[in-house]
Amino acid sequence: MLLKYYSVVILCLSIVNGEPGEPKCLSRFDYDEKMLMKQLRFEDKVQKFEDFINGVKAREAKEKEERDELFAAELDKVTNFQEFMKELKSKEEKETEERSKLFAAELHKLEKYKQENAEEVERQKNVTSEMLESVANSKTEFENIHKQINETMKEKVVAFTMTTPKVGATSGSMSFTTVVTNEGNGFDTSTGKFTCPVSGLYFFSLHIIKKRASVDYAGCYIYLNGSSKVRAYIDPQDGANGADIGSYGVSTSVYLKLKVGDVVTLENCSGTIPSAVEPWTSFSGYLERQV
């Protein structure tokens, strides 16, 4: 074997280092060396490949470990959330049960109260119904009264203004021939009397204008049912010839509270009527408000 191992073996190889087709003879030692170098290079590549595979395996193991840790954390979160939802659901069920018990208790109280107070409830319903009916009747009655008042207010407009004086029904009284206004027909020009058609507060005014020539004075009283209330009177200072030579006016007014049938007149007039006064002498009155 030793002789065989150390013997020189001559191999003839055809390689490309020489001329094409030219064989080259190598010794057994050269052949073993070359094979050993190839084996070493192969083993080096295998070692590098194993190192690469081991690196890949290490990275994969590390990544797997990280994924496992992440998955475990997420799983913990899910588990915690499930536990939270379970606890929340349990709490909600408990609160719902308590609310149901409370509602049932209140409903029981209500039913008990309803049974105990059924008669009172019925009585209150009847009272309420009567009150509503009374309110409806009152509303209808109020509307009727309001309608009557409106109709009365529309119908009961009383006002008059008279001019152009003339002698009244009695000596010393004054009436008028020209009717400016006579709403309500309260003033009678034939007698000079105003007869109250509607009870209320009235306003009266008298304006007297004395004539210029040969008239010394003029005036009248406003009477209510034969009793004097106010007076309009004018007597200017006489001139050199005695009688006044200018025209003068005087007015008076009064509020009188009248009832239906009361009579207002112009009485106890001074001077000769109508020759002592001008035609535009006037007498007016109107209903201020009903009372």
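Look above for the structure.
It should be emphasised that the depicted structure is a prediction, and the values quoted were computed from it without experimental measurement. Here the residue index of a chain counts from 1 through its sequence in written order. The model is predicted, so local features are restricted to residues of pLDDT at least 70 and side-chain atom pairs to those at 80 or more, both for listing and for counting; the totals for chains, interfaces and linings are taken over all residues. To get the side-chain values, take all heavy atoms of the structure and skip hydrogens and water.

Participant: Quick rundown of the overall build of the protein? Include the residues and the values.
Facilitator: Runs of H or I in DSSP of at least four residues are treated as helices and runs of E of at least two as strands, each being numbered from the N terminus. In terms of regular secondary structure, the protein is built from 3 helices and 12 strands. When contacts within the protein are restricted to residue pairs at least 6 apart in sequence, those whose partners lie at least 24 apart make up 63%. Contacts between residues were defined by any pair of non-hydrogen atoms, one from each residue, lying within 4.5 Å.

Participant: Outline the state of the cysteines, listing residues and values.
Facilitator: Here, two cysteine sulfur atoms that lie within 2.5 Å of each other are counted as a disulfide. As enumerated under the stated definition, the model contains 1 disulfide in all. Here Cys220 connects covalently by a disulfide to Cys269, the sulfurs 1.9 Å from one another. Note on the Cys220 and Cys269 pair: the S-S dihedral is about 115 degrees, so by sign convention the disulfide is right-handed. Residue Cys220 is found in strand E8 (residues 218-224), and its partner Cys269 is found in strand E11 (residues 263-270); the two are separated by 49 residues along the sequence.

Participant: An account of the nonpolar core is requested, with residue identities and associated values reported.
Facilitator: What is meant by a nonpolar core is a set of buried Ala, Val, Leu, Ile, Met, Phe, Trp, Tyr and Cys residues, joined one to another through side-chain atoms within 4.5 Å. Partly exposed describes any residue whose relative accessible area lies between the buried limit of under 20% and the exposed limit of over 50%, with all areas from a 1.4 Å probe on protein chains only and scaled to the type maximum. Grouped together as the largest cluster of nonpolar side chains are 30 residues, with contacts concentrated most on Phe194, Tyr202, Phe204, Leu258, Val264 and Phe283. Put simply, the parts of the chain that give this core at least two residues each are strand E3 (159-167), strand E4 (174-183), strand E7 (200-210), E8, strand E9 (227-234), strand E10 (248-258), E11 and strand E12 (282-290). Here Tyr202 is in contact with Val158, Phe194, Cys196, Pro197, Val254, Tyr255, Leu256, Leu258, Tyr286, Leu287 and Glu288, once residues within four sequence places are set aside.

Participant: Break down a positive patch on the surface for me, with residues and values.
Facilitator: Distance thresholds for patches are 9 Å for like charges and 5 Å for nonpolar side chains (Val, Leu, Ile, Met, Phe, Trp, Tyr), applied to residues having over 30% relative accessible area and no salt bridge. What sets the accessible areas is the Shrake-Rupley method with a 1.4 Å probe; for residues, cover comes only from the shown protein chains. The salt bridge definition used is simple: a Lys or Arg side-chain nitrogen within 4 Å of an Asp or Glu carboxyl oxygen. Think of it this way: Lys and Arg go in the positive column, Asp and Glu in the negative one, and His and the chain ends go nowhere. Every charge is mapped onto a representative atom, which is NZ of Lys, CZ of Arg, CG of Asp or CD of Glu. Taken together, the side chains of Lys34, Lys38, Arg41 and Lys45 present a region of like positive charge at the surface. Residue position: Arg41 is located in helix H2 (residues 28-116). For Arg41, a relative accessible area of 47% puts it in the partly exposed group.

Participant: Help me get a handle on unusual backbone geometry, residues and values and all.
Facilitator: Most of the time, phi is negative for any residue but glycine, and the peptide bond is trans. The phi angle at Asn185 is positive, at roughly 55 degrees, despite the residue not being glycine. Of note, Asn185 is situated in the loop between E4 and strand E5 (187-188). We classify Asn185 as exposed; its relative accessible area is 66%. Not every positive phi belongs to a glycine, and Asn225 is a case in point at roughly 50 degrees. Relative to the helices and strands, Asn225 resides in the loop between E8 and E9.

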